[in-house]
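# Examining the three-dimensional arrangement
Letter by letter, the chains look like this.
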Amino acid sequence: MKPRAALLFCILSLLTVGLFVLDMTVGAVRIPPGDIWAALTGGDCPAATAKIVLHIRLLKAVVALTAGAALAVSGLQMQTLFRNPLAGPYVLGISSGASFGVALFMLGAPLLGIAGSPGFTALGVAGAAWVGAAAILAVIAAVSRRIRDIMVILILGMMFGSGVSAVVQIMQYLSDEAALKSFVIWTMGSLGDVTSSQLALLLPAVGAGLVLAVAVIKPLNLLLLGENYARTMGLDIRRSRLLIFLSTTLLAGTVTAFCGPIGFVGLAVPHVARLLFRNADHRVLMPAAALTGMIVMLLCDVISKLLTLPVNTITALLGIPIVIWVVLGNKNIA
């Protein structure tokens, strides 16, 4: 690894730790870093402070780290696979597919009289999101085999997302008041609604997705030069594409299930990582995108708490300028 890249990784790691601590200090009740350290290590601090740190803010900060890394890596994989800087889980309709699955479960379960424990609900929401995201990915993959124009694929992805959103609106219209309220709150995006039991499912699922992402680093590097070149180098395109899709489904689908549809992180963060590291090698770019995603989500969470706004609005305000810069600066987009 080049000295510049190593220095950047050190800086980003320190920034991540600093924002992680800051995220736990900021809130309705400001807690000094000393009390946070005491709560985390079992030291002397007020019982109410320890409860806030361990049961609320620590969970939220861990979710921010997990969601940032997952969305950034899934966006990077989609941009490389489709060879387009505007590809991402939100733009391609993957998040919409996951949202559709969650809507089927959250709005449909009460209508069918299906109820269960919190663990059953968490598993049902996650499973529905995985199925929805995988279904949209399968459709996009099928279309991409027939249509080579990436812009057409992106437009179709947005159309699929719009169609799914229309179906979700119909389901909202037909659902009961309690289920509707729960779903509307979920669509606003939140890092603070994840419980410890849900986190026990979120972390392994995202971890599995990240392991798959690391496993496809070499295929992603080959795909940068085109599928024909990758085939000549002996790459099994179908298997690699399946692994990438599975990784993206686990990453984007799981985060969407528990945190709601968080936009622009998967689209914008990979470009920030490329700008910082000036490197297209996924051995460097993937951990760089994951770290940058963690920083962005922690920063968005801090800002959202200071301004008391949904985290989705902050990610949009930070991500939109980056997307505009990519569109204006990339001559391959027409």
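Everything numeric here is computed off the predicted structure, so don't read it as measured data.

## Concerning the overall build of the protein
Within the protein, the secondary structure is distributed over 14 helices and zero strands. Listing the helices and strands of the protein from first to last along the sequence gives α-α-α-α-α-α-α-α-α-α-α-α-α-α. For 334 residues, the compact-globule estimate of 2.2 N^0.38 gives 20 Å, and the C-alpha radius of gyration of the protein, at 20 Å, lies within 12% of that figure. Dimensions of the protein along its principal axes, counting C-alpha atoms only, are 65 × 55 × 35 Å. Evaluated residue by residue, the protein yields a buried proportion of 51% over its 334 residues. Taking as baseline every contact in the protein between residues at least 6 positions apart, the subset at least 24 positions apart corresponds to 78%. Once the 21 positive and 11 negative side-chain charges of the protein are each reduced to a mean point, those two points are 13 Å apart.

## Side note on empty space enclosed by the protein
Across all of its chains, the model carries one cavity of 30 Å³ or more by this definition. Here the largest cavity is characterised by a volume of approximately 50 Å³. Among the residues making up the lining of the largest cavity, the classes are represented as eight nonpolar, two polar and no charged.

## Overview of the packing of helix α2 (residues 33-41) against helix α3 (residues 47-81)
Where α2 contacts α3, the two axes come as close as 9 Å, and the packing angle between them is 80°. The orientation of α2 with respect to α3, classified from their angle, is roughly perpendicular. Seen from α2, the contacting residues are Asp35, Ile36, Ala39 and Leu40; seen from α3, they are Thr49, Ala50, Val53, Leu54 and Leu58. When the residues that make up the contact of α2 with α3 are grouped by side-chain class, the tally is seven nonpolar, one polar and one charged.

## Examining the environment of Met297
Following the sequence through the fold, Met297 ends up in helix α13 (residues 282-307). Spatially, the C-alpha atom of Met297 lies 20 Å from that of Ala98, the residues being 199 residues apart in sequence. Contact partners of Met297, with chain neighbours within four places excluded, come to Ala64, Ala67, Gly68, Leu191, Ile262, Val265, Val311 and Thr315.

## Thoughts on the packing of helix α1 (residues 3-25) against α3
Their axes nearest at 9 Å, the elements α1 and α3 cross at an angle of 140°. In terms of their interaxial angle, α1 and α3 are classed as oblique. You can see that α1 and α3 cross each other, and the crossing is right-handed. Residue-level contacts link Thr16, Phe20, Asp23, Met24 and Thr25 of α1 to Val53, Arg57, Leu58, Ala61, Val62 and Leu65 of α3.

## Here we look at the pattern of salt bridges
This model, assessed by the stated rule, comprises three salt bridges. For Lys305, the salt bridge identified is with Asp23, shortest N-O distance 3.1 Å. One end of the pair, Lys305, is in helix α13; the other, Asp23, is in helix α1, and 282 residues separate them in sequence. Owing to a relative accessible area of 18%, Lys305 belongs among the buried residues under this scheme. Two residues, Lys60 and Asp301, come together in a salt bridge whose shortest N-O distance is 3.4 Å. Of this pair, Lys60 sits in helix α3 while Asp301 is found in helix α13, placing the two residues 241 residues apart along the sequence.

## Describing the side chain of Arg241
As for its placement among the helices and strands, Arg241 is situated in helix α11 (residues 237-259). Discounting residues that sit within four places of it in the chain, Arg241 has contacts with Leu81, Arg145 and Glu227.

## Structural notes on unusual backbone geometry
Of note in this structure, Arg278 is not a glycine but carries a positive phi near 50°. With respect to the element layout, Arg278 can be found in the loop between α12 (265-277) and α13. A relative accessible area of 68% means that Arg278 is categorised as exposed. Despite not being glycine, Thr308 shows a phi value in the positive range, around 50°. Within the secondary structure, Thr308 is located in the loop between α13 and α14 (311-329). Relative accessible area serves as the criterion here: at 67%, Thr308 is assigned to the exposed category.

Conventions adopted
Residues numbered from 1 in each chain as written. Predicted model: local features only at pLDDT ≥ 70, side-chain atom pairs only at ≥ 80, totals over all residues. Heavy atoms only, no water. Helix = DSSP H or I, 4+ residues; strand = E, 2+ residues; numbered from the N terminus. Rg over C-alpha atoms; globule rule 2.2 N^0.38 Å. Buried < 20%, exposed > 50% of the residue type's maximum accessible area, 1.4 Å probe, protein only. Contact = heavy atoms within 4.5 Å. Lys, Arg positive; Asp, Glu negative; His and termini not counted. Charge placed at Lys NZ, Arg CZ, Asp CG, Glu CD. 1 Å grid on protein atoms, 1.4 Å probe; cavity = no way out; pocket = protein on both sides within 12 Å on 5 of 7 lines; lining within 4 Å. Points joined across faces, edges and corners; volume = space filled by probe spheres on them. Nonpolar A, V, L, I, M, F, W, Y, C, P; charged D, E, K, R; others polar. Axes fitted to C-alpha atoms, helices over the stretch in contact; angles between N-to-C directions. Parallel < 35°, antiparallel > 145°, perpendicular 65-115°, else oblique. Left-handed = near helix turned anticlockwise from the far one by under 90°. Salt bridge = Lys/Arg side-chain N within 4 Å of Asp/Glu carboxyl O.

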